[in-house]
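Architecture at a glance
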Amino acid sequence: MAVFDRHEQLTHQVDYLLMAGSFVTLFWRQTILEETIDWLLAHGYEVVRLDASGWMGEADLHRDFARALDFPSYYGRNLNALNDCLSDVAVCEYGTSPKATGLVLVLTGYDKFAMRCPEVAQLALDIIADNSRSAILIGHRMCCLVQSDDPNIVFKPVGATAVEWNSAEWLNRRRPE
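Calculation notes
- Residues numbered from 1 in each chain as written.
- Predicted model: local features only at pLDDT ≥ 70, side-chain atom pairs only at ≥ 80, totals over all residues.
- Heavy atoms only, no water.
- Phe/Tyr/Trp six-rings, centres within 6.5 Å; stacked < 30°, edge-to-face > 60°.
- Helix = DSSP H or I, 4+ residues; strand = E, 2+ residues; numbered from the N terminus.
- Buried < 20%, exposed > 50% of the residue type's maximum accessible area, 1.4 Å probe, protein only.
- Pairing = 2+ DSSP bridges.
- Contact = heavy atoms within 4.5 Å.
- Axes fitted to C-alpha atoms, helices over the stretch in contact; angles between N-to-C directions.
- pLDDT = per-residue confidence, 0-100.
- Parallel < 35°, antiparallel > 145°, perpendicular 65-115°, else oblique.
- Left-handed = near helix turned anticlockwise from the far one by under 90°.
- Nonpolar A, V, L, I, M, F, W, Y, C, P; charged D, E, K, R; others polar.
- Expected span 1.5 Å × (residues − 1).
- Arc of directions from axis to C-beta.

On inspection of all chains with the given rule, the structure shows six aromatic pairs. Here tryptophan 55 and phenylalanine 65 contribute two aromatic rings whose centre-to-centre distance is 6.3 Å and whose plane-to-plane angle is 50°, an arrangement assigned as tilted. Taken as a pair, tryptophan 55 in the loop between strand E2 (45–51) and helix H3 (58–68) and phenylalanine 65 in helix H3 lie far apart in primary sequence, 10 residues in all. As far as the burial class goes, tryptophan 55 and phenylalanine 65 line up, both buried.

Next up, the structure:
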């Protein structure tokens, strides 16, 4: 089954634009993030929010992902286990409903976690992007919105694709208001 209908006008749909790139989109302004989330909720998406600003280490990331996505009790709380469980989420075994239009992970304050644990922060985004790509292959939409309080944050390419700013902010991401 196609994830998006080829007969519909896709060029301006919020979800299509979010998933046409790397499946991981950066946001700086909270208002633009909230408008995007509101649109996604209105169109049947499940939205799971995680506040990464207080994560001091990898254990905090695993605790919050496990809780928010209802990971099984045997979850190993390491990056390999995160990848395994997100692959189950990608096929709707748990953590999301197959009746939802799709799943959107929202990570707020991610720049703070990335400063504390840069390698883990980068690898977690890679894992999310890879599993989002796998999900879309079977007709399930999944993506990640990453909010940063630092408009100059730069992440390495995620899943061999550049992490992109949302379309409303990319031109002026270096000019704080």
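Below, the discussion takes up the sheet that holds strand E5 (residues 164–165). Across the sheet, five strands lie side by side as E2-E3-E4-E1-E5; this open sheet has parallel pairing. Since the sheet does not close on itself, it has two edges, and those belong to E2 and E5, each with one partner. One ladder, built from seven bridges, connects E2 with strand E3 (residues 102–108); its direction is parallel. Looking across to E3, one finds that valine 48 is bridged to leucine 105. Set on the sheet, H3 makes contact with E2 and E3; between it and E2 the angle comes to about 155°. Those strands touched by helix H6 (residues 118–137) are strand E1 (24–27), E3 and strand E4 (141–147), and its axis lies near 155° from that of E4.

The topology assignment puts threonine 96 in the loop between helix H4 (79–90) and E3. With a relative accessible area of 10%, threonine 96 lands in the buried category. If sequence neighbours within four positions are ignored, threonine 96 has contacts with Glu46, Val89, Leu103 and His140.

So, about H3. Inspection of H3 places Asp60, Leu61, His62, Asp64, Phe65 and Ala66 among the buried residues, and these make up the whole buried set. Turning to H3, the residues buried within the fold contact E2, H4, E3, helix H5 (110–116) and H6. Remark: aspartate 70 follows H3 within two positions and exhibits a positive phi of approximately 55°.

With 85% of its residues at a pLDDT of 70 or more, the chain shows a mean pLDDT of 87. pLDDT under 50 marks residues 172–177. Its contacts with residues more than four places away, or in other chains, come to 11 contacts.

A separate point is the packing of H4 against H6. Here H4 crosses H6 at 25°, and the two axes come no closer than 9 Å. In terms of axis orientation, H4 runs roughly parallel to H6. In terms of crossing hand, the pair formed by H4 and H6 is right-handed. Contacts between H4 and H6 involve Leu79, Leu82, Asn83, Leu86, Ser87 and Ala90 from the former and Val120, Leu123, Ala124, Ile127, Ile128, Asn131 and Ala135 from the latter. Of the residues in the contact of H4 with H6, the class split is 10 nonpolar, three polar and no charged.

Attention now moves to helix H2 (residues 30–42). With 13 residues, H2 ought to run about 18 Å at 1.5 Å a step, and its terminal C-alpha atoms sit 18 Å apart, in line with that. Among the residues making up H2, those that are buried are Ile32, Leu33, Thr36, Ile37 and Leu40. The buried side chains of H2 occupy one side of the element, clustering within an arc of 135° when seen end-on. Opposite its buried face, H2 presents the exposed residues Thr31, Glu35 and Ala42, each directed more than 90 degrees away. If you follow the buried residues of H2, they end up packed against helix H1 (14–19), E1, E2, E3 and E4. Following H2 by one or two positions, glycine 44 has its phi on the positive side, about 85°.

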